[in-house]
Amino acid sequence: MGVIARYRDRLPVGPKTPELSLGEGSTPLIRSTRVGDALGVELWFKFEGMNPTGSFKDRGMAVAVAKAVEDGATGIVCASTGNTAASASAYAAHAGLTAVVLCPAGGVAAAKVAQSRAVGARFLEVRGSFDDALRSCQELAGRGDFALVNSVNPFRIEGQKTAAFEIDEELGRAPDVLALPYGGGGNTTAYAKGFAEDGVRPRMVCAQAAKRATTLASAIRIVEPAHAQEVGALVGEGTAEVVTVSDEDITRMWLEVAGEGLFCEPASAAGLAALAQVDLVPGTTVVCVLTGHGLKDTAAVDVLTAAATIVDPTVEAILAEVSR
Ligand SMILES: *Cc1c(COP(=O)(O)O)cnc(C)c1O
């Protein structure tokens, strides 16, 4: 069951909204086996990489594209660091709409480009940054016909808030702390909204890259966060804190997560890197959102881990190698 069907009464959908779904949501909440102990807390991972296109974007995209269909749009348009592109392209294809996708040239992981192209999107690379691409998308959407499905589209936030509902349901209560990466801040805004609608207010730890323009965590390579104001308001009211993490911190924590058998993309480890920097009350319940799947960015794995060694197919050669 997708998010529209599962949370129909908590989303701005009506009888005319198509129940568009690729099976998004209902992602696993997995208890950490080691990192949680090291941090002295009860740590859970919300593995959003298990969504149909491999990131949390699918929750919001199901709702945003369904609403675009309802509103009679002929196509959708978005700017993307990759995952929005993959998601928008898939949901547009499923709904029979044209998807126009703009990404910063050379700045997107190859698998995400492949996902978008495979399902027939008009995939364009712009000479410029994500922020430049977003500005031109907004202008195009302003001319009508194309619905903008970046997270400035409120239906994206509505769909994404369902992750907070799932966490509360599965734990039987709200977590004490939620940690997640902060790129444009759409997901931070969405979780805050979801928790607020559940009547709870966990402490939110939001990880931004120290070098936003160039971080190896390409999914959060955003210099001008579209939701900076909302995130600022959450900080002001004491709900959220923004923690700056280096690429080295992200890399270290990515290896920790991978060491527990969870393969996420680098940006997804940023939340954990932030958790390692803040004071946590021992024994409290902490949920860390793993925003995207590791298969999204295997080039990062080549950088972060040792290459495979080539051996002869003999037991002696294999044992000699693994005992080193
Ligand atoms: C989009 C994305 C983010 C950043 O989310 P924002 O809503 O822009 O803050 C983080 N990680 C992954 C894998 C993403 O795709």
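Throughout, residues of each chain are indexed from 1 in the direction in which the sequence is written. In keeping with the model being predicted, local features are shown solely for residues with a pLDDT of at least 70 and side-chain atom pairs are shown and tallied solely at 80 or more, while totals for entire chains, interfaces and linings include all residues. For side-chain calculations, the full set of non-hydrogen atoms in the structure is used, while hydrogens and water are omitted.

K.L.:
What am I meant to see in the site of the ligand here?
P.N.:
The full set close to the ligand counts 16 residues, and Lys 57, Asn 83, Gly 184, Gly 185 and Asn 187 are the nearest of them. Two N or O atoms form a polar contact when they lie within 3.5 Å of each other; inside protein one atom must be a possible hydrogen donor and the other a possible acceptor, and for residues adjacent in sequence the pair counts only when both atoms belong to side chains. Between an oxygen atom of the ligand and a main-chain N or O atom of Gly 184, the distance comes to 2.7 Å. Residue Gly 185 places a main-chain N or O atom 2.8 Å away from an oxygen atom belonging to the ligand. Notes on the ligand: free accessible area 380 Å², of which the protein chains cover 96%. Placement of the ligand is best described as lying within the largest cavity. Across the shell around the ligand, the residue classes tally to 6 nonpolar, 8 polar and 2 charged. Nearness here has a simple test: a residue counts as near a molecule or strand if at least one of its heavy atoms is within 4 Å of that partner. Computed by Shrake-Rupley with a 1.4 Å probe, the accessible areas treat only the displayed protein chains as cover when residues are assessed. Cavities and pockets are defined on a 1 Å grid built over the protein atoms alone: a cavity is a set of grid points where a 1.4 Å probe fits but cannot escape, while a pocket is an open set with protein on both sides within 12 Å along at least five of seven lines, and lining residues are those with an atom within 4 Å of any such point. For a cavity or pocket, the test is whether more than half of a molecule's atoms lie within 2 Å of its grid points; if they do, the molecule sits there. Gly is placed with the polar residues, together with every amino acid not listed as nonpolar (Ala, Val, Leu, Ile, Met, Phe, Trp, Tyr, Cys and Pro) or charged (Asp, Glu, Lys and Arg).

K.L.:
When you look at the nonpolar core in this model, what are you seeing that I'm missing?
P.N.:
Most often, soluble globular proteins have nonpolar side chains that are buried together. Ranked by internal contacts, the top residues of the largest apolar core, which has 35 residues, are Leu 43, Phe 45, Val 205, Val 245, Leu 272, Leu 275 and Leu 290. Strands are runs of DSSP state E lasting at least 2 residues, helices are runs of H or I lasting at least 4, and numbering of each runs from the N terminus. Only strand S2 (42-47), strand S7 (177-181), strand S8 (203-209), strand S9 (240-245), helix H11 (247-259), helix H12 (270-275), strand S10 (285-290) and helix H13 (298-304) provide two or more residues apiece to this core. For this core, the element with the highest residue contribution is H12, accounting for 5 residues. Excluding residues within four positions of it along the chain, Leu 272 makes contact with Val 35, Leu 39, Leu 43, Phe 45, Met 253, Val 257 and Cys 288. Joining through side-chain atoms within 4.5 Å is the link that ties buried Ala, Val, Leu, Ile, Met, Phe, Trp, Tyr and Cys residues into a set, and such a set is a nonpolar core. Burial here depends on accessible area, computed with a 1.4 Å probe over protein chains only, as a share of the maximum for the residue type. Under 20% is buried, over 50% is exposed, and the range in between is partly exposed. Counting residues in each nonpolar core, the second largest holds 32 residues, with Ala 121, Ala 147, Val 149 and Phe 165 among its members. Any pair of residues with heavy atoms lying within 4.5 Å of one another is described as a contacting pair.

K.L.:
Hey, could you run me through the pattern of salt bridges in this one?
P.N.:
Note that side chains of opposite charge can pair when their charged atoms are close. Salt bridges, as used here, are contacts in which a Lys or Arg side-chain nitrogen is within 4 Å of a carboxyl oxygen on Asp or Glu. Scanning the entire structure with this criterion turns up 21 salt bridges. A salt bridge links Arg 6 to Glu 166, with the shortest nitrogen-to-oxygen separation between them at 3.6 Å. Placement of the pair is Arg 6 in helix H1 (residues 3-6) and Glu 166 in helix H8 (residues 162-171), with a sequence separation of 160 residues. Residue classification places Arg 6 among the partly exposed positions, given a relative accessible area of 29%. Residue classification places Glu 166 among the buried residues on the basis of a relative accessible area of 3%. When the shortest N-O distance is used, the salt bridge between Glu 197 and Lys 193 registers 2.7 Å. A residue pair is termed a helical-turn pair when its members lie 3 or 4 positions apart in one helix, as Glu 197 and Lys 193 do in helix H9 (residues 186-197) at 4 residues.

K.L.:
Sorry, what's going on with the packing of aromatic side chains here?
P.N.:
The way to describe two aromatic rings as a pair is by their centre distance and the angle between their planes. Any Phe, Tyr or Trp ring, taking Trp's six-membered ring, that has another such ring centre within 6.5 Å forms a pair; planes under 30 degrees apart are called stacked, those over 60 apart edge-to-face, and the others tilted. Within the structure shown, the criterion is met by 3 aromatic pairs. Ring centres of Tyr 191 and Phe 195 lie 6.1 Å apart, and the angle between their planes is 35 degrees; on these two criteria the pair is classed as tilted. Of this pair, Tyr 191 and Phe 195 both sit in helix H9, 4 residues apart, which is roughly one turn of that helix. Aromatic pair Trp 254 and Phe 263: ring centres 6.4 Å apart, planes at 70 degrees, arrangement edge-to-face. Judged by its relative accessible area of 28%, Phe 263 is partly exposed. In this analysis the charged atom, NZ for Lys or CZ for Arg, is taken to sit over a ring once it is within 6 Å of the ring centre and within 35 degrees of the ring normal. Between Arg 10 and the ring centre of Phe 165, over which it is positioned, the NZ or CZ distance is 3.6 Å. Sitting over the face of the ring of Trp 44, Arg 31 holds its NZ or CZ atom 5.6 Å from the ring centroid.

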